[in-house]
Amino acid sequence: GCNWHGGPEVAGAGALACHRMGRDVTLITYGTMIEQVMAAADVLAQQGIEATVLRLLTVSPLPVHHTLTMMSENPHVVIVEEVAGGCGIREELAWKLQHLKPDVRADGIDLGNAYITHGDMNSLYKHYGLDAASIAAYVQEVLRS
């Protein structure tokens, strides 16, 4: 895992930043979703679930090896993306992680495949399950199943 000291640790020549270290699950995101994911990690911590939070600083190529070295001990990974279903990195990243470490279980949250409605950002995040509370609830469900 990363050696987190209160600020993001950057690895892989600037390919990946570790914002938080935990043993129970790894949350992976990129871009501005880091704010919701970090807030979700705080919610999870209040419930006794410690999450590693990784932010990809590049998606081409995906920093797969660096991701593996910084993941939590638990092979559960949740990839959080503010993109339409099937348009992000989840499938490729999951496949590449599992190819190198077969026990990785990768799940993810995105905007889904339906038409994306209008509204303010906080309402849209909540509607699509990308707000901190929804992300935390999803992670809890993943860890239970």
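Procedures and definitions
- Residues numbered from 1 in each chain as written.
- Predicted model: local features only at pLDDT ≥ 70, side-chain atom pairs only at ≥ 80, totals over all residues.
- Heavy atoms only, no water.
- Core = buried A, V, L, I, M, F, W, Y, C linked by side-chain atoms within 4.5 Å.
- Buried < 20%, exposed > 50% of the residue type's maximum accessible area, 1.4 Å probe, protein only.
- Helix = DSSP H or I, 4+ residues; strand = E, 2+ residues; numbered from the N terminus.
- Axes fitted to C-alpha atoms, helices over the stretch in contact; angles between N-to-C directions.
- Parallel < 35°, antiparallel > 145°, perpendicular 65-115°, else oblique.
- Left-handed = near helix turned anticlockwise from the far one by under 90°.
- Contact = heavy atoms within 4.5 Å.

Participant: How should the nonpolar core be read in this particular structure?
Facilitator: The biggest cluster of nonpolar side chains holds 24 residues, and the ones touching the most others in it are L27, V78, V80 and I135. Of all the secondary-structure elements, those providing two or more residues to this core are strand 3 (25-30), helix 1 (34-46), strand 4 (51-56), strand 5 (76-80), helix 4 (121-127) and helix 5 (132-144). If you look at the next biggest cluster of nonpolar residues, it comprises 15 residues, including L16, M71, I79 and V104.

Participant: Help me understand the packing of helix 1 against helix 5, please; the structure alone is not making it clear to me.
Facilitator: Describing two packed helices takes the angle between their axes plus the distance from one axis to the other. Close contact between helix 1 and helix 5 brings their axes to 8 Å; oriented N to C, the two are set at 55 degrees. Judged by the inter-axis angle, helix 1 sits oblique to helix 5. For the crossing formed where helix 1 meets helix 5, the hand is right-handed. Taken together, the residues of helix 5 that come into contact with helix 1 (itself represented by Q36, V37, A39, A40, V43 and L44) are A132, I135, A136, V139 and Q140.

Any functional reading would require information beyond the geometric quantities listed.
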